[in-house]
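Commentary on secondary and tertiary structure
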Amino acid sequence: MRHEDITRLTLAKGSVRTLRQPEELPLLRDHLLRLDPESRHDRFHGFMDDGFIERYAAKCAHDGTVIIAYIEDGVVRGAAELHPPDQSPDSQPEIAFSVEANVRRQGVGSILFKKLIAEARSKGYRSLRITTGAHNLAMRALAHKFGAHLTFRYGESTGSIDLQPASQPEFAKRDIATPVDTARAMIDFNRTCWKLFFKMYGLGRAA
């Protein structure tokens, strides 16, 4: 394990790092198989059986996908995936996220998102595509916080994140999470999520 790859979290009790060793890559498969039905539906935009997930994880292990994982006690509980541009029909790198229900609302998604953007920028990518379920309010709010402009079609939300330096908020440029970073990430995410909720259901302006 490379210590420089580890980011300690304060609200969650695990760590975040990139899975690099071949023997670690099945940890992504096990994490995806543990997702509850709703989370699995949101992650893959529909029902996917165990066989599909096993094949998907095996493909990620060999096609150059970067997997940044949130780990507790040696078990992956959340993952951010950066898929290389040659896997996309429009040559745009695509990102995906999944967090198990028992570790949500602890800043995990925000830290994974920030680390993934830093990885993408280090590779020289200029933009990223993200796709999520139209009803996945939490992921839509998180994507919006990091600058994604989402459009809707066929039950999905798709968007692009511009990685040009001037477009990124300051916290997205720093690679190391501090206790203040993690607390601020949770506050910002909750505020964005509620604003989006109010906007969707016409409940007036959020404070």
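Reading guide: rules and limits
- Residues numbered from 1 in each chain as written.
- Predicted model: local features only at pLDDT ≥ 70, side-chain atom pairs only at ≥ 80, totals over all residues.
- Heavy atoms only, no water.
- Helix = DSSP H or I, 4+ residues; strand = E, 2+ residues; numbered from the N terminus.
- Buried < 20%, exposed > 50% of the residue type's maximum accessible area, 1.4 Å probe, protein only.
- Contact = heavy atoms within 4.5 Å.
- Areas by Shrake-Rupley, 256 points an atom, 1.4 Å probe, with all protein chains shown as cover.
- Arc of directions from axis to C-beta.
- Core = buried A, V, L, I, M, F, W, Y, C linked by side-chain atoms within 4.5 Å.
- Axes fitted to C-alpha atoms, helices over the stretch in contact; angles between N-to-C directions.
- Parallel < 35°, antiparallel > 145°, perpendicular 65-115°, else oblique.
- Left-handed = near helix turned anticlockwise from the far one by under 90°.
- Nonpolar A, V, L, I, M, F, W, Y, C, P; charged D, E, K, R; others polar.
- pLDDT = per-residue confidence, 0-100.
- Pairing = 2+ DSSP bridges.
- Phe/Tyr/Trp six-rings, centres within 6.5 Å; stacked < 30°, edge-to-face > 60°.

Our next topic: the overall build of the protein chain. In terms of helices and strands, the protein chain carries seven helices and eight strands. The buried share of the protein chain, taken over its 207 residues, is 50%. The contacts of the protein chain with a sequence gap of at least 6 include a subset with a gap of at least 24, amounting to 62%. Carbon together with sulfur atoms contributes 54% to the accessible area of the protein chain, which is approximately 11000 Å² in total.

Here the focus is helix α1 (residues 26–34). Within α1 the residues assigned to the buried category are Leu28, His31 and Leu32. The arc that holds the buried residues of α1, viewed along the axis, is 95°, so those residues lie on one side. Buried positions along α1 lie against α2 (37–44), α3 (50–60), β3 (66–72), β4 (75–83) and β5 (94–99).

Let us now look at the nonpolar core. Soluble globular proteins: nonpolar side chains tend toward being buried together. Formed by 25 residues in total, the largest nonpolar core has its most connected members in Leu82, Ile95, Phe97, Leu112, Phe113 and Leu128. The set of elements that each furnish at least two residues to this core consists of β3, β4, β5, α4 (108–122), β6 (127–133) and α5 (137–145). Here this core takes seven residues from α4, the largest share from any one element. Once you skip the residues sitting within four places of it in the chain, Leu128 turns out to touch Leu82, Gln92, Pro93, Ile95, Ala120, Gly159, Ser160, Ile161 and Leu163. Ranked by size, the runner-up nonpolar core spans 14 residues in total, among them Tyr56, Cys60, Ile71 and Ala79.

At their nearest, the axes of α1 and α3 sit 9 Å apart, and the two run at 150° to each other. When the axes of α1 and α3 are compared, the pair comes out roughly antiparallel. At the point where α1 passes α3, the crossing takes the right-handed sense. Each of Leu28, Arg29, Leu32 and Leu33 in α1 lies in contact with α3, whose residues at this interface are Asp50, Ile53, Glu54, Tyr56, Ala57 and Cys60. Partitioned by chemical class, the residues of the contact of α1 with α3 number seven nonpolar, no polar and three charged.

In this section: the confidence of the model for the protein chain. On average, residues of the protein chain carry a pLDDT of 77, and 66% of them reach 70 or more. In the predicted structure, residues 167–178 sits below a pLDDT of 50 and forms 29 contacts with residues beyond four places in sequence or in another chain.

Moving on to the pairing of β4. Judged by how many residues are buried, β4 sits mostly within the fold: seven of nine residues are covered. When β3 meets β4, the two strands line up antiparallel, connected through seven bridges. Its bridge partner lying in β4, Glu72 is registered against Val75. Direction of pairing for β4 relative to β5: antiparallel, over a ladder of six bridges. Residue Ala80 lies in a different strand from β5, and its bridge partner there is Phe97.

Moving on, we come to the packing of aromatic side chains. One pass over the full model with this rule turns up four aromatic pairs. Note on Phe52 and Tyr56: the rings are 6.3 Å apart at their centroids and 20° apart in plane angle, and the pair reads as stacked. Here the residue Phe52 and the residue Tyr56 both occupy positions in helix α3, the gap between them amounting to four residues, near one helical turn. For Tyr56, a relative accessible area of 16% gives the class buried. For the ring pair Phe97 and Phe113, a centre distance of 4.4 Å and an interplane angle of 20° mean the geometry is stacked. In this pair, Phe97 sits in strand β5 while Phe113 sits in helix α4, placing the two residues 16 residues apart along the sequence. For Phe97, a relative accessible area of 9% corresponds to the buried category.

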